Amino acid sequence: MFNTKNKIALLVITALLITNVSVFAMAGTTPPLNPSYEQRVVQLVNVERQKYGMPVLYFDNSISDVARTKSQDMAVNNYFSHYSPTYGMASDMLLSYGITWTAWGENIASGQDTPEEVVNAWMNSSSHRDNILSPNFVFLGVGYYVDSSGTPYWTQMFTNDFK
């Protein structure tokens, strides 16, 4: 049997669970599938930046929410492009989610199974490496999503400032 104290505790826990789910639903973003993979990408990117004498990038959850939504959008809508038929360019997408910037960048990838593989692929591409090593960026968001057939999609979004 539930006594009054147990009922209150259960209501509080339920409210917290609903609130956490609702935050993603209200924002229209995708909850993290594997936060440790996303954090590992940030770590590996910062290792690369430090090799070149660059300051580290700061991980940002809000930007990661947008990057994750972009990865899901590519997987669900079966495309691989910097232009989303749903959201437009990353610049538009960031602004539509309330993230302002004066400089932005985006790296996308698909098929790499681990953070190490995807960062290695990006570092072996001059345009992706340029984003990773750019002195214009301060914040980084990473999105990881796996489609129904098991194919991983990765997105990095870079900004220099936001409010």
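Residues numbered from 1 in each chain as written. Predicted model: local features only at pLDDT ≥ 70, side-chain atom pairs only at ≥ 80, totals over all residues. Heavy atoms only, no water.

Focus on the environment of Leu44
Looking at the secondary structure, you find Leu44 in helix H2 (residues 35–51). For Leu44 and Glu116, which are 72 residues apart along the polypeptide, the C-alpha to C-alpha distance reads 7.3 Å. Beyond its immediate stretch of four places on either side in the chain, Leu44 contacts Pro115, Glu116 and Val119. (Helix = DSSP H or I, 4+ residues; strand = E, 2+ residues; numbered from the N terminus. Contact = heavy atoms within 4.5 Å.)

Details of the pairing of strand S4 (residues 152–159)
Most of S4 sits inside the fold, with eight of its eight residues counted as buried. Neither face of S4 is left uncovered, since the one carrying Pro152, Trp154, Gln156 and Phe158 and the one carrying Tyr153, Thr155, Met157 and Thr159 both have all their residues buried. With seven bridges joining them, strand S2 (residues 104–110) and S4 adopt antiparallel strand pairing. When the sheet's bridge partners are listed, Glu106 is paired in S4 with Met157. Here strand S3 (residues 139–146) runs beside S4; their pairing, made up of eight bridges, is antiparallel. Its bridge partner lying in S4, Val146 is registered against Pro152. In textbook terms, the turn of a hairpin is the stretch between consecutive antiparallel strands, and for S3 and S4 this stretch comprises five residues, one of which, Gly150, has a positive phi near 95 degrees. (Buried < 20%, exposed > 50% of the residue type's maximum accessible area, 1.4 Å probe, protein only. Pairing = 2+ DSSP bridges.)

A word on the nonpolar core
The biggest cluster of nonpolar side chains holds 19 residues, and the ones touching the most others in it are Val41, Val119 and Trp122. Looking at this core, the elements that each hand over two or more residues are H2, helix H5 (115–123), S3 and S4. Non-local contacts of Val41, meaning those with residues more than four positions away in its chain, are made with Pro115, Val118, Val119, Trp122, Val142, Trp154 and Gln156. Counting residues in each nonpolar core, the second largest holds eight residues, with Ile63, Ala67, Met93 and Met157 among its members. (Core = buried A, V, L, I, M, F, W, Y, C linked by side-chain atoms within 4.5 Å.)

Details of H5
Buried within H5 are the following residues: Pro115, Val118, Val119, Trp122 and Met123. Seen end-on, H5 carries its buried residues on one side only, within an arc spanning 135 degrees. In this structure, the buried side of H5 is in contact with H2, S2, helix H6 (126–132) and S4. (Arc of directions from axis to C-beta.)

Focus: unusual backbone geometry
Not every positive phi belongs to a glycine, and Asn78 is a case in point at roughly 55 degrees. Its location among the elements puts Asn78 in the loop between helix H3 (61–76) and helix H4 (90–96).

Here's the deal with the packing of aromatic side chains
Here the structure, examined in full by the defined rule, presents seven aromatic pairs. For the pair Tyr37 and Trp154, a centre-to-centre distance of 6.0 Å together with 10 degrees between the ring planes defines the contact as stacked. Taken together, the residues span a long stretch of sequence, with Tyr37 in helix H2 and Trp154 in strand S4 at a distance of 117 residues. Ring centres of Tyr144 and Trp154 lie 4.5 Å apart, and the angle between their planes is 50 degrees; this geometry places the pair in the tilted category. A residue pair is termed long-range when its members are at least 10 positions apart, and Tyr144 in strand S3 and Trp154 in strand S4 qualify at 10 residues. The residues Tyr144 and Trp154 share a single accessibility class, namely buried. An aromatic cluster is defined as three or more aromatic residues linked by ring pairs; in this entry it consists of Tyr37, Tyr144 and Trp154. (Phe/Tyr/Trp six-rings, centres within 6.5 Å; stacked < 30°, edge-to-face > 60°.)

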